[in-house]
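# Descriptive analysis of the structure
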Amino acid sequence: MTAHRPITRSVFPPETLATMEALYPLQAGLLHHHIPDHPLLSLEALAQLGEGLPASAVEYNPGDVPIGIRPEDIPSNGLSIGETIRTIDSNGSWAVLKNIENVPAYRTLLMDLLGELQSVVEPRTGAMLTPQGFIFISSPGSITPFHFDPEHNILLQLRGTKVMNVWPAGDERFAHRREHERYHGGGHRNLPWDESYREDAQQVPLGPGDAVLMPVMAPHFVANGDAPSISLSITWRSEWSYREAEAHAANSALRRMGLDPAMPPRWPSYAWAKSVGWRVARKLHIVH
C-alpha cells in the first residue's frame, strides 16, 4: 500500500470556506478544491485498495443502469473489483470503495481534509462525528441511481466530469417520509424515481478541482461525463443527523402500529421525544 504523502497547502481555499458557510448544512452547492495528484488516488492504488477491502466495503456493477433501478435488479459486471478499476476506461462500470478510513493511510488523508472544514462545521452542527470516506470510480456515461445518504458530505471531483442532480432534503415530493422510515429501518438507500422530478433538479456540473456540498438525506443521482471519473467523498455525522435518523426509525415503529407520524423537523430543530424514546426502546430491546 502506498504511504500517505502529506498535503503541504490548503485543499479548500478561503472562498470555498466562505461559500460553505453560506450553504451548510441545508443547501447543496458548488465548491472548489486544490487537492494535488496524490499517489493514494491513482487507479492502481485504488485497485489495490479495493482488493484489500472486505466485500462489505466494495460495491460495483454495470454503469448503464436506469436512474430509478431497484437494488435487487442491479446486475453484476462479471469482473473482480481490481479488474473493474484497472479497466474502468472501457468496461462500462461503476464502483465505490467504502469506509476507506479503516485503512491508516487513507484515514490520515481523510482527517487532513476534514480538519480544514472544522471552523465552518462545528459552530453550526457541533462535533464532526464518525468521519468516513468513499471513493467512486466510474466509466464514461455511467449512472449512480437516485438515492439519499445519511451523512454530511463533500464530493471532490478528481478526474473526469459528472453532473450531480440533487433535490431538496426533507421535501416529501421527492422522498416521502415512508422512504426515510424504510431506509432508517435497515432498507436500501435507492429511492423510487419519477421522470417528473427532473424539472425541479438542482444541477451541479463537476470537473477536476470542483466539489459539491451535499446535505444529509438530499435525494440525488449522478450522471458521468464522456471520460472515466474518480471522485472522493469525505463525510461526517452530527448529533443532529443521528437524532433525525432516530426520529425516522421511531416513526417506522409507530407506522407499524397503525399510526401516520409526521415528518421530523429539519435542522436546527430536533425531534427530541422520538429520538430519546427510540434510544430507550433500543436499550430495552422493545424494537429491532
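As a reminder, the structure under discussion sits directly above these lines.
Residues numbered from 1 in each chain as written. Predicted model: local features only at pLDDT ≥ 70, side-chain atom pairs only at ≥ 80, totals over all residues. Heavy atoms only, no water.

## A word on the pairing of strand S10 (residues 220-224)
- For S10, the buried fraction is high: four of the five residues fall into the buried class.
- Bridge count between strand S5 (residues 143-147) and S10: three bridges; the pairing is antiparallel. Pairing of Thr 144 across the sheet is with Val 222, part of S10.
- The pairing of strand S7 (residues 162-166) with S10 spans five bridges and is antiparallel. If you follow Val 163 over to S10, its bridge partner there is Ala 223. (Buried < 20%, exposed > 50% of the residue type's maximum accessible area, 1.4 Å probe, protein only. Helix = DSSP H or I, 4+ residues; strand = E, 2+ residues; numbered from the N terminus. Pairing = 2+ DSSP bridges.)

## Topic: the sheet that holds strand S2 (residues 58-62)
- In spatial order, the strands read S1-S9-S6-S11-S4-S3-S2; together these seven strands make up an open sheet with antiparallel pairing. The open sheet is flanked by strand S1 (29-32) and S2, the only strands paired with a single partner. On average, each strand axis in the sheet is inclined to that of its neighbour by 20 degrees, with strand direction left out of account.
- Relative to strand S4 (residues 129-138), strand S3 (residues 93-97) runs antiparallel, the two sharing four bridges. (Axes fitted to C-alpha atoms, helices over the stretch in contact; angles between N-to-C directions.)

## A look at the packing of helix H6 (residues 177-184) against helix H7 (residues 239-256)
- Where H6 contacts H7, the two axes come as close as 8 Å, and the packing angle between them is 100 degrees. Here H6 lies roughly perpendicular to H7, going by the angle between them. Residue-level inspection shows Arg 177, Arg 178, His 180, Glu 181 and His 184 of H6 in contact with H7, the latter providing Ala 245, His 248, Ala 249, Asn 251, Ser 252 and Arg 255.
- For the contact of H6 with H7, a count of residues per class yields two nonpolar, five polar and four charged. (Parallel < 35°, antiparallel > 145°, perpendicular 65-115°, else oblique. Contact = heavy atoms within 4.5 Å. Nonpolar A, V, L, I, M, F, W, Y, C, P; charged D, E, K, R; others polar.)

## Looking at the packing of aromatic side chains
- All chains considered together, the criterion is met by 12 aromatic pairs.
- Between Phe 174 and Tyr 197 the ring centres are 5.3 Å apart and the planes differ by 90 degrees, which places this aromatic pair in the edge-to-face class. With Phe 174 in the loop between S7 and H6 and Tyr 197 in the loop between H6 and strand S8 (202-206), this residue pair connects regions lying 23 residues apart in the sequence.
- We classify Phe 174 as buried; its relative accessible area is 5%.
- When the ring of Trp 193 is compared with that of Tyr 197, the centres are 5.5 Å apart and the planes differ by 90 degrees; the resulting orientation is edge-to-face. (Phe/Tyr/Trp six-rings, centres within 6.5 Å; stacked < 30°, edge-to-face > 60°.)

## Re the pairing of S2
- The element S2 is extensively covered by neighbouring structure, given that four of its five residues are classed as buried.
- Where S2 lies against S3, five bridges are found, and the strand directions are antiparallel. Note that in S3 the partner of Pro 62 across the bridge is Ser 93.

## Some remarks on the pattern of salt bridges
- Taken as a whole and assessed by the stated rule, the structure comprises 16 salt bridges.
- Of the charged contacts in the structure, one is a salt bridge between Glu 44 and Arg 86, with a shortest N-O distance of 2.9 Å. Here Arg 86 lies in helix H3 (residues 81-86) and Glu 44 lies in helix H2 (residues 43-52), a separation of 42 residues in the sequence.
- Connected through shared salt-bridge partners, Glu 172, Arg 177, Glu 181, Arg 255 and Asp 260 make up one network. (Salt bridge = Lys/Arg side-chain N within 4 Å of Asp/Glu carboxyl O.)

## Some details on unusual backbone geometry
- Residue Pro 25 is reached from Tyr 24 by a cis peptide bond, and omega for that bond is 5 degrees.
- Along the polypeptide, Pro 25 turns up in the loop between helix H1 (14-23) and S1.
- The backbone phi angle of Asn 99 is positive, close to 55 degrees, even though this residue is not glycine.
- When you line up the elements, Asn 99 lands in the loop between S3 and helix H4 (104-115).
- At Thr 130, a position not held by glycine, the phi torsion is positive, near 50 degrees.
- Take Thr 130: it is sitting in strand S4.

## Remarks on the environment of Leu 110
- Summarising the element assignment, Leu 110 is placed in helix H4.
- Note on Leu 110: relative accessible area 3%, which makes it buried.
- Sequence-wise, Leu 110 and Gly 133 are 23 residues apart; in three dimensions their C-alpha atoms are separated by 6.5 Å.

## Regarding the sheet that holds S7
- Strands sit in the order S5-S10-S7-S8 across an open sheet of four strands; the sheet is antiparallel. Both outer strands of the open sheet, S5 and S8, are each paired with one neighbouring strand and no more. Direction aside, the axes of adjacent strands within the sheet are offset by 15 degrees on average.

## Concerning the environment of Tyr 60
- The residue Tyr 60 is located in strand S2 in this model.
- Residue class for Tyr 60 comes out partly exposed when judged on its relative accessible area of 28%.
- Along the backbone, Tyr 60 and Trp 193 are 133 residues apart, and their C-alpha atoms lie at a distance of 21 Å.
- Every residue in contact with Tyr 60, bar those within four places of it in the chain, is listed here: Asn 77, Leu 79, Ser 80, Ile 81, Thr 84, Trp 94 and Ala 95.
- A distance of 3.5 Å separates a polar atom in the side chain of Tyr 60 from the backbone nitrogen of Ile 81. (Polar contact = N/O pair within 3.5 Å; in protein donor to acceptor, adjacent residues only side chain to side chain.)

Everything listed here is a matter of geometry and, on its own, says nothing about what the molecule does.
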